[in-house]
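# Secondary and tertiary structure notes
Letter by letter, the chains look like this.
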Amino acid sequence: MKLILLSGGSGKRLWPLSNDARSKQFLRVLTKEDGTQESMVQRVWRQLGEVKLAEDTIIATSKSQVDILQNQLGTLPKLVVEPERRDTFPAIALASTYLYSVSGVGLEETIAVLPVDPYVENNFFSRVIELESILQDSNADLALIGVKPTSPSDKYGYIVPKQRSDGKYGEVSHFKEKPNEDEAKRLLQKSALWNCGVFSFKLGYIISMLEELGFPIQYESLLQVYHKLPQNSFDYEVVEKANDVIFLPYEGSWKDLGTWNTLTDEMSQVQLGKGMLSPGCENSYLINELDIPINVIHLSNVIVAASPDGILVSDKESSTKLKDFLSEEQSYRPMYEERRWGWYRVLDYTKLDDGSEVLTKRICVKAGRNLSYQFHYHRREVWTVIKGEGEFVLDDRIWAVKAGSVIEIPVGAKHAIKANEDLEFIEVQVGAPLIEEDIVRIYMTWDEIEENCESDSLVNKSK
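The shown structure was predicted, so the numbers you read here are calculated from the model rather than taken from an experiment.

### Observations concerning helix H3 (residues 88-102)
Across its 15 residues, H3 extends 20 Å between first and last C-alpha, which sits within 8% of the 21 Å expected from 1.5 Å per residue. Along H3, 11 of the 15 residues are buried, which leaves the element largely enclosed by surrounding structure. Here H3 has its buried residues at Phe 89, Pro 90, Ala 91, Ile 92, Ala 93, Leu 94, Ala 95, Ser 96, Thr 97, Tyr 98 and Leu 99. Phi turns positive one or two residues past the end of H3, at Gly 104, with a value near 75°.

### Description of the packing of helix H1 (residues 40-50) against helix H2 (residues 66-73)
Put simply, H1 and H2 touch, their axes get as near as 10 Å, and they point 55° apart. Overall, the two elements H1 and H2 adopt an arrangement that is oblique. The crossing of H1 and H2 is right-handed. Where H1 abuts H2, its residues Val 41, Gln 42 and Trp 45 lie against Leu 69, Gln 72 and Leu 73.

### What to know about the sheet that holds strand E27 (residues 406-409)
Strand order in this open sheet of 6 strands is E20-E21-E22-E29-E24-E27, and the pairing throughout is antiparallel. Looking at the sheet topology across the chains shown, the edges are occupied by strand E20 (336-339) and E27. Going across the sheet, the axis of each strand differs from the next one's by a mean of 20°, ignoring polarity. Where strand E24 (residues 379-387) lies against E27, 4 bridges are found, and the strand directions are antiparallel. Bridging across to E27, Trp 383 finds its partner in Ile 407. Packing against the sheet, H2 makes contact with E20 and strand E21 (342-351), and its axis sits at approximately 65° to E20.

### Quick word on the side chain of Glu 337
Among the structural elements, Glu 337 can be located in strand E20. Taking relative accessible area as the criterion, Glu 337 reaches 12% and is therefore assigned buried. Within the structure, Glu 337 has its side chain in polar contact with the side chain of Arg 339 (distance 3.4 Å). Here the side chain of Glu 337 touches Tyr 344 through a polar contact of 2.7 Å, side chain to side chain. Once residues within four sequence positions are removed from consideration, Glu 337 is found in contact with Ala 21, Gly 342, Trp 343 and Tyr 344.

### Digging into the pairing of strand E29 (residues 423-431)
Here 9 bridges tie strand E22 (residues 357-365) to E29, and the two strands are oriented antiparallel to one another. Paired with Val 358 across the strands is Val 430, a residue of E29. Strand direction decides the pairing type here: E24 and E29, joined by 8 bridges, are antiparallel. By the bridge assignment, Arg 380 is partnered in E29 with Val 430.

### Re the packing of aromatic side chains
The full count for this structure, using the stated rule, is 14 aromatic pairs. When the ring of Trp 194 is compared with that of Trp 254, the centres are 6.1 Å apart and the planes differ by 50°; the resulting orientation is tilted. Here the residue Trp 194 occupies a position in strand E11 (residues 193-202), and Trp 254 occupies one in strand E13 (residues 254-256), the gap between them amounting to 60 residues. Taken as a pair, Trp 194 and Trp 254 share a single burial class, namely buried.

### Looking at the sheet that holds strand E19 (residues 310-315)
The strands that make up a sheet pair up through hydrogen bonds in the backbone, lying either parallel or antiparallel. Here 4 strands make up an open sheet; going across it, the order is E14-E16-E18-E19 and the pairing mixed. Edge positions in the sheet fall to strand E14 (271-272) and E19, since each of these pairs with one other strand and no more. The sheet contact formed by E14 and strand E16 (residues 285-288) spans 2 bridges and is parallel. By the bridge assignment, Leu 272 is partnered in E16 with Ile 287.

### Details of the pattern of salt bridges
Pairing of side chains with opposite charge becomes possible as their charged atoms draw close. This model, assessed by the stated rule, comprises 27 salt bridges. The partner of Arg 397 in a salt bridge is Glu 454, and the shortest N-O contact between them spans 2.9 Å. Residue Arg 397 is found in strand E26 (residues 397-402), and its partner Glu 454 is found in strand E31 (residues 454-455); the two are separated by 57 residues along the sequence. Given the relative accessible area of 29%, Arg 397 is considered partly exposed. Note on Glu 454: relative accessible area 47%, which makes it partly exposed.

Definitions and cut-offs
Residues numbered from 1 in each chain as written. Predicted model: local features only at pLDDT ≥ 70, side-chain atom pairs only at ≥ 80, totals over all residues. Heavy atoms only, no water. Helix = DSSP H or I, 4+ residues; strand = E, 2+ residues; numbered from the N terminus. Expected span 1.5 Å × (residues − 1). Buried < 20%, exposed > 50% of the residue type's maximum accessible area, 1.4 Å probe, protein only. Axes fitted to C-alpha atoms, helices over the stretch in contact; angles between N-to-C directions. Parallel < 35°, antiparallel > 145°, perpendicular 65-115°, else oblique. Left-handed = near helix turned anticlockwise from the far one by under 90°. Contact = heavy atoms within 4.5 Å. Pairing = 2+ DSSP bridges. Polar contact = N/O pair within 3.5 Å; in protein donor to acceptor, adjacent residues only side chain to side chain. Phe/Tyr/Trp six-rings, centres within 6.5 Å; stacked < 30°, edge-to-face > 60°. Salt bridge = Lys/Arg side-chain N within 4 Å of Asp/Glu carboxyl O.

Shown next, in the form of structure tokens:
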């Protein structure tokens, strides 16, 4: 069996911590047994390793999430990167051609697809493994996992069985997407299950479908015509059109931590970051990523969340409606991002009367990592190192830098930096336009940089 994890989404329901660059699965708000914090994707990847499935797993994602995935999981997971965001059917199709034409997986191999962020115990993944045997036993087109509901929820889709089954698996009659509560109660009387977004199929099933639709089944070729694939979910494009669909019931704990209300229920700490919750704050949570303290006094059943993108104060139950209150005007560029080398936070942005722009960032490069060797067409930069030590290269000359170093980088100058220990600096960009696309990368690794640049014997050449 091979697994495809789907990592997508944007940051509406868990704003302001989540945004277009850091969706919910990357928020480090869950607590491990050792007391350290981890994100949903880190938790799932750790669990896959514990049940010996990580080596057989690839992650399908978008270009905007590659850096943060590598930041949180390292470079071990194999990534299949969409050239543009479309929907789950194109993403699964692309990952399937990768398995077939690049990894050499046979057409009879069972493929399981699941979201990257379910909140489950390890026995859930044992259930996923069982999908392989029931597909072989039944010869069905698709096999799904259905979760036994704990309540008539209107937040999930439902799998409705053809009849009550006491066997190992059941046959699917039809699906119902997010019914109202009264209809959900009627569905529960029919033994309906929550659809948790886990699908399995023989690889040949999707490969044959692509051929019938007239698309190439070679990974590199499909990349070239990716924009022509139906922009549709896998549920609508495949599952609901399949003739023979079965399901495997799961009675353990399963949660979709997609809102502040559900996420905080699984947080072992009521406060993360600077500030305090006073005595008398019952069932309240404070999550603060800012450097200034936030104090919450005698407020119960509230969520207070703060990041460089904004501040949220909400009744806990009403936080599920957050998406409805976020206007397009509040969808600015992300003020905080995690990258493969560390993170950055936007401190200030100004547009001057002459049309030039000034952008100030605080940047952290983790020990042993480096920024790419790059140059810019439209901006000059000044870096002031405020923490740590490392090596800096400017136009093919390498020298040491440390806290207090000030570095001027003219327009068009080639530059990069490596952290020997966690290194932070303030970057001031001046020019127009100040956009992320104004980066021309020459080398990605420090080994390549050292091979092609000359080391300076001076300990600190910076001004």
